[in-house]
2 protein chains.
Amino acid sequence: MVEHHDENVVHLDPAASPESMAERLAGLHPADIAASLERVEVEMVTRVLRQLDQETAGDVLVNLDEHTRAEVLAILNAPEIAGVAGELESDDAADVIGALEEPKRDEVLAKLEEDDRKVVEDLLQYTDESAGGIMTSEFVYVDQDARVDDAIARGVISLRTLVLAQPGARVEDLMEPDVVTVSADMDQEDVAEVFRKYDLVAIPVVDPDGTLAGRITVDDIMDVMYEEAEEDISIMAGTREEEFHEDSALRVSRIRLPWLVVGALGGLGSATVMNFYRLSLEKVLALAFFVPVITAMGGNVGLQTSTIIVRSMRTDRRLVGETRQRLLREWRVAITNAIILGGAIYLIVGLWFGDWRLAAVVGGSLAAVILVAATLGTVMPFALRRIGIDPAVAQGPFVTTLNDIIGILVYLGLASTFIERLG
Amino acid sequence: MVEHHDENVVHLDPAASPESMAERLAGLHPADIAASLERVEVEMVTRVLRQLDQETAGDVLVNLDEHTRAEVLAILNAPEIAGVAGELESDDAADVIGALEEPKRDEVLAKLEEDDRKVVEDLLQYTDESAGGIMTSEFVYVDQDARVDDAIARGVISLRTLVLAQPGARVEDLMEPDVVTVSADMDQEDVAEVFRKYDLVAIPVVDPDGTLAGRITVDDIMDVMYEEAEEDISIMAGTREEEFHEDSALRVSRIRLPWLVVGALGGLGSATVMNFYRLSLEKVLALAFFVPVITAMGGNVGLQTSTIIVRSMRTDRRLVGETRQRLLREWRVAITNAIILGGAIYLIVGLWFGDWRLAAVVGGSLAAVILVAATLGTVMPFALRRIGIDPAVAQGPFVTTLNDIIGILVYLGLASTFIERLG
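Remember, predicted model here, so these are calculated numbers, not experimental data.

1. Quick word on a negative patch on the surface
Residues and elements named next belong to chain A.
Consideration 1: A contiguous patch of negative charge, built from Glu66, Asp95, Asp128, Glu129, Asp187, Asp190, Glu227 and Glu231, is present on the exposed surface.
Consideration 2: Secondary-structure assignment places Asp187 in the loop between β2 (180-183) and α14 (188-198).
Consideration 3: For Asp187, a relative accessible area of 32% translates into the label partly exposed.

2. Side note on the interface of chain B and chain A
Consideration 1: Tallying the contact residues gives 115 residues for chain B and 115 residues for chain A.
Consideration 2: Between chain B and chain A we count 8 salt bridges in total.
Consideration 3: Linking Lys197(A) and Asp32(B) is a salt bridge whose minimum nitrogen-to-oxygen distance equals 2.7 Å.
Consideration 4: The residue makeup of the side of chain B that touches chain A, split by class, is 61 nonpolar, 24 polar and 30 charged.

3. Observations concerning the environment of Asp185(B)
Residues and elements named next belong to chain B.
Consideration 1: Of note, Asp185 is situated in the loop between β2 (180-183) and α14 (188-198).
Consideration 2: Classification of Asp185 as exposed rests on a relative accessible area of 60%.
Consideration 3: Measuring from C-alpha to C-alpha, the distance between Asp185 and Gly132 comes to 6.2 Å, with 53 residues separating the pair along the chain.
Consideration 4: Of note is the side chain of Asp185, whose polar atom sits 2.7 Å from the side chain of Ser183.

4. Some thoughts on the relation of the copies chain B and chain A
Consideration 1: For these two chains of identical sequence, chain B goes onto chain A by a turn of 180° and a shift of 0.1 Å along the axis, with RMSD 0.2 Å. Read as a symmetry element, the transformation amounts to a two-fold axis. In terms of proximity to the rotation axis, the leading residue of chain B is Ala229(B), whose C-alpha is 2.8 Å off the axis.
Consideration 2: Looking at chain B, 100% of its interface residues are interface residues in chain A too, so the copies touch through the same face.

5. Digging into helix α21 (residues 356-386) of chain B
Residues and elements named next belong to chain B.
Consideration 1: If you check α21, its first and last C-alpha atoms are 45 Å apart, about what 31 residues at 1.5 Å a residue would give, namely 45 Å.
Consideration 2: Along α21, the helix axis deviates most sharply at Val379, where the bend reaches about 25°; the proline Pro381 sits within four residues downstream.
Consideration 3: The backbone nitrogen of Arg357 has a side-chain oxygen 3.1 Å away, supplied by the residue at the start of α21, namely Asp355.

6. With respect to the pattern of salt bridges
Oppositely charged side chains may form a pair once their charged atoms are brought near each other.
Consideration 1: Counted by the stated rule, this structure contains 22 salt bridges over all chains.
Consideration 2: A salt bridge links Arg311(B) to Asp232(B); the shortest N-O distance between them is 2.7 Å. In this pair, Arg311(B) is assigned in helix α19 (residues 291-315) and Asp232(B) in helix α15 (residues 218-237), connecting sequence segments 79 residues apart. In this structure, Arg311(B) and Asp232(B) share a single accessibility class: buried.
Consideration 3: Among the charged side chains, a salt-bridge network with shared partners connects Glu193(A), Arg196(A) and Asp223(B).

7. Focus on the nonpolar core
Consideration 1: Core analysis: the biggest nonpolar cluster contains 126 residues, and Ile216(A) and Ile216(B) have the highest contact counts within it.
Consideration 2: Within the second largest apolar cluster, 80 residues are counted, among which are Phe290(A), Ile419(A), Ala338(B) and Val361(B).

8. Notes on the side chain of Thr401(B)
Residue and element names in this part refer to chain B.
Consideration 1: Inspection of the secondary structure puts Thr401 in helix α22 (residues 397-422).
Consideration 2: With a relative accessible area of 10%, Thr401 lands in the buried category.
Consideration 3: Setting aside residues no more than four positions away along its own chain, Thr401 makes contact with Val262, Gly263 and Gly266.

9. Thoughts on the environment of Gly210(B)
Residue and element names in this part refer to chain B.
Consideration 1: Here Gly210 shows up in the loop between β3 (202-206) and β4 (212-217).
Consideration 2: Residue classification places Gly210 among the partly exposed positions, given a relative accessible area of 43%.
Consideration 3: Separated by 201 residues in the primary sequence, Gly210 and Tyr411 have C-alpha atoms spaced 58 Å apart.

10. Comments concerning the packing of helix α15 (residues 218-237) of chain A against α15(B)
Consideration 1: In the contact formed by α15(A) and α15(B), the axes pass within 10 Å of each other and the chain directions differ by 0°. In terms of axis orientation, α15(A) runs roughly parallel to α15(B). Mapping the contact onto sequence places Val218(A), Ile221(A), Met222(A), Met225(A), Tyr226(A), Ala229(A), Asp232(A), Ile233(A), Met236(A) and Ala237(A) in α15(A) and Val218(B), Ile221(B), Met222(B), Met225(B), Tyr226(B), Ala229(B), Asp232(B), Ile233(B), Met236(B) and Ala237(B) in α15(B).
Consideration 2: Grouping the constituent residues of the contact of α15(A) with α15(B) by class yields 18 nonpolar, no polar and 2 charged.

11. A closer look at unusual backbone geometry
Residue and element names in this part refer to chain A.
Consideration 1: Cis geometry marks the peptide bond from Glu102 to Pro103; its omega dihedral reads 0°.
Consideration 2: Note that Pro103 resides in the loop between α7 (90-98) and α8 (104-111).
Consideration 3: Within the chain, Asp199 stands out as a residue other than glycine whose phi angle is a positive 55°.
Consideration 4: For Asp199, the position within the fold is in the loop between α14 and β3 (202-206).
Consideration 5: Of the residues examined, Asp199 reaches a relative accessible area of 37% and is grouped as partly exposed.

Quick notes on the rules
- Residues numbered from 1 in each chain as written.
- Chains lettered and ligands numbered in written order.
- Predicted model: local features only at pLDDT ≥ 70, side-chain atom pairs only at ≥ 80, totals over all residues.
- Heavy atoms only, no water.
- Patch = residues over 30% accessible without salt bridge, like charges linked within 9 Å, V, L, I, M, F, W, Y side chains within 5 Å.
- Areas by Shrake-Rupley, 256 points an atom, 1.4 Å probe, with all protein chains shown as cover.
- Salt bridge = Lys/Arg side-chain N within 4 Å of Asp/Glu carboxyl O.
- Lys, Arg positive; Asp, Glu negative; His and termini not counted.
- Charge placed at Lys NZ, Arg CZ, Asp CG, Glu CD.
- Helix = DSSP H or I, 4+ residues; strand = E, 2+ residues; numbered from the N terminus.
- Buried < 20%, exposed > 50% of the residue type's maximum accessible area, 1.4 Å probe, protein only.
- Contact = heavy atoms within 4.5 Å.
- Nonpolar A, V, L, I, M, F, W, Y, C, P; charged D, E, K, R; others polar.
- Polar contact = N/O pair within 3.5 Å; in protein donor to acceptor, adjacent residues only side chain to side chain.
- Least-squares fit on C-alpha atoms with pLDDT ≥ 70 in both.
- Expected span 1.5 Å × (residues − 1).
- Bend = angle between axes of the 7 residues up to and from the residue.
- Core = buried A, V, L, I, M, F, W, Y, C linked by side-chain atoms within 4.5 Å.
- Axes fitted to C-alpha atoms, helices over the stretch in contact; angles between N-to-C directions.
- Parallel < 35°, antiparallel > 145°, perpendicular 65-115°, else oblique.

The following block contains the structure:
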C-alpha cells in the first residue's frame, strides 16, 4: 500500500528524451502520469504519449486538464486519436472526439470501428452539460425471467446481490423494482443532486420514449460537482476557470477585463449621479465621505441576499418558495439589519461631526439602501431565471455594480431633499 | 422504473396524524421520506419517526438536513437514539451521537451494545473534517494467501474481480498491490481530491502507525464536495450555510451582521481618509465623484486575483508555485489591465470635465489601485495560510473592505500631492 501524497507525481527532467520519460512514468496510475506530464511542454507530452500503449495513452489523455488535452489533440493525427479513442469507454471517447474541430472530427470517426463509431455518434448528439453528455453507452441487460447464473455471466444488478443469491433464483425476484433513473436531457447538475440524495454509484439514463440509453457512473459525477462549484465561484469573482491554464498576461487580461469594464462603467454611473447632486455636495462636503459606507453596505447586503436565494433555488429545500414569500423573509432580515446598522451609523456620524441632521441623512439612507439592496438581491435571481439566464449571475459583479449606483442615488436623493427642506 | 422527479417528495397534510403520515411515506426511499418530513413541524417529524421501524428511522434521520436533525435529536430520548443508532453504519452512528450534548451523549453510548460503543467511541476521537471523521469502521480483511471462495464469503476486493476468478486462486494474485490509502488525519477536502483524481468508489484509511483504521465511501465524499463548495461560496458572500434553515429574522440577522459591521467599519475608515483630505476635496470636488470607480475597481481586481490564487493553492496544478512566481504573473496581468483601464478613464474624465490634470490624477490613481489590489489579492491568501487561517477568507468581505480603504488612500494621497505641486 502506498499512502497518498503528491509524491506520486514525478518531476520530469525537461531535457530528457520521451523514451526515458515514458520509462520513468511506467507503472504509475494514469492520473499521476497526467499530473506529471502537465508540467512539461505540450510537444513533449505528445511524444511521451506516443511511447505508451494505446490503452494507457487513452487513460492519460482523459486525465489531462482540458486545456492541455486540447493542445495535445491538435498535434496528434487522426489515426493516432482513433487508435486511442477505440480503447476508451464510450463517454470518454465522445468527450475526446467531440472536442475536435471539423474536418478532424470526421476523419477520426471514419477511422473508428463500425460499432464504436455508431455509439460515439449517438453520444455526440447530447448537449455537453446534460445527462446524455456524461453517460456511457456500455451496459448489459437481462430479461427479468433470466436465471442468476446468466446475470452473473453478463454482469447486471449489484454483484453483491447476485453473489449472495441462489444460482437458480430468477432475476425478477432480486432486482430493485423502483430504480431511480434520469432522462438524457436532464441537466448534469440535477443529475449530481440525484446521486448525492440517493447515495448512488451509478444510474441508468433513459431516452424520452423510456428506452434505456446508457448509464452514468459516480466518477463523472464527482467531476461535474467540481466543475459546477468552480463555475459558481468564477461567476462570483468575475473571472473564468480557463485562466488557470493561461500563462499569457494578455489572454488572462482579456478574460478578466469584461467584468472590470462593467465595474468601471458602474463607477462612472456613480460619478454621474454625484455630479448631478454637486450643489448638495458643495453645501455639505461631508456627505461625500459616506459614499463608501453606502456602496459597501449595498454591495454586501445584495450579495448575501442573492447568494441565499440562488442556493435555495437550487437545493429544493424548505426555503424554496415563491418570490413573494422569499421577499418577505428577506425584508424581515433587512429591516432588522437596517435598524441596527442605520442606528449605529446615526450615532457615530452625529458624535463625530456634531451634526445630527447629517447623521440622520446618512443613517436613514443607509437603512433605505439596505432595504433596496435586499429587494434587488431577492428579485434579481428570479428575474434572471425567468429570462433564461443563470441566476448565479446575480452574485457577480454586474449586480453589485448596479447596487452601487442605486445606493448612491437613494443616498444623495434623500440627502438633497432633506438639505433643501431644512435649509 | 420511476424517473426521478421531485414528485418523489410527498406533500403531507400538516393536520394529519403521525400514523397516517407514516403510512403515506411507507415504501419511499429514506432520502425522500426525509425531504417530505422537512416540510412539517419538528415535533411531528419526531412522532412520525417513532412510527417507523428503527432501521428506516435511522436512515431517515441521517438524510435530514443538519438543523432539523439536531432539533429531532433534542426531542428523542437516549434509549430511542441508541436504538436507532444501533442500526446505522458506524460513521453515521458517530455523526448522530457526536452531535449530542453531554450528558445525553454518554447516556446514548451507555445504551449501545459493547461492540458498537467501542467503534463509535473510536470514531468520535477524530476531528469532524478529517478522513477519520467521515470513515466507517466496518470492513473485513483476508490474508493474502486466503482462497477466493473464502474472500467471496467475507466480501473483500472488488466483487467483480472475485467473481471472475477461479475459486481456488490465491487472493494475493488478484489484489491490487498499490492501493491508494489516506491517513486518518488527512483533511476531508484533500480526501475528496484523491477520490476525484483516481475515480475511486471507496478508499482504505490508515492510522499513523500504518494499521487499517476504516474505509471511506464515495457517497460521503459527494457530501463533502457539496459542503465545501457551499462553505467557499458562503465565505465569499459573507454569510453562513446555517441560515438556510433559519426562519427567525433575528437569528439570520445575527449570522449576517458581523460581515456587514466589517463593511460599515471599513466605510467609516474610508470616511476618515476622505475627511483627512478634505482640503483637496473642497478645492476639487470632482475628485469625490471618482471614489466609487476607485473602490469598485480595487474590489473587483482584488477578488479576481485572490480567487485564482486560492483555487490554484488547492488544486496542485501547473500554476501552483511560490508567492514570488504568482506575484509576477499577477503583476503582468495587472499592469496590462492598469494601462487599458487607467488610459480609458483618463480619456473619459478628460473629455467629460475638460480638466486633463484631474483626468491624469484619476487615471493614474486607478492604475496604481489596480496594482495594489492585485498585490494584496496575491499576498493575502499566502499570508493567511501561513498564520493558519483558511486562505478562502481572502475572497470575503474583509479583504474587499481593506482594498476599499487602501484604494481611497492611494487615490487621494496621489491627488493631493498632485494638486499641491501643480495647483
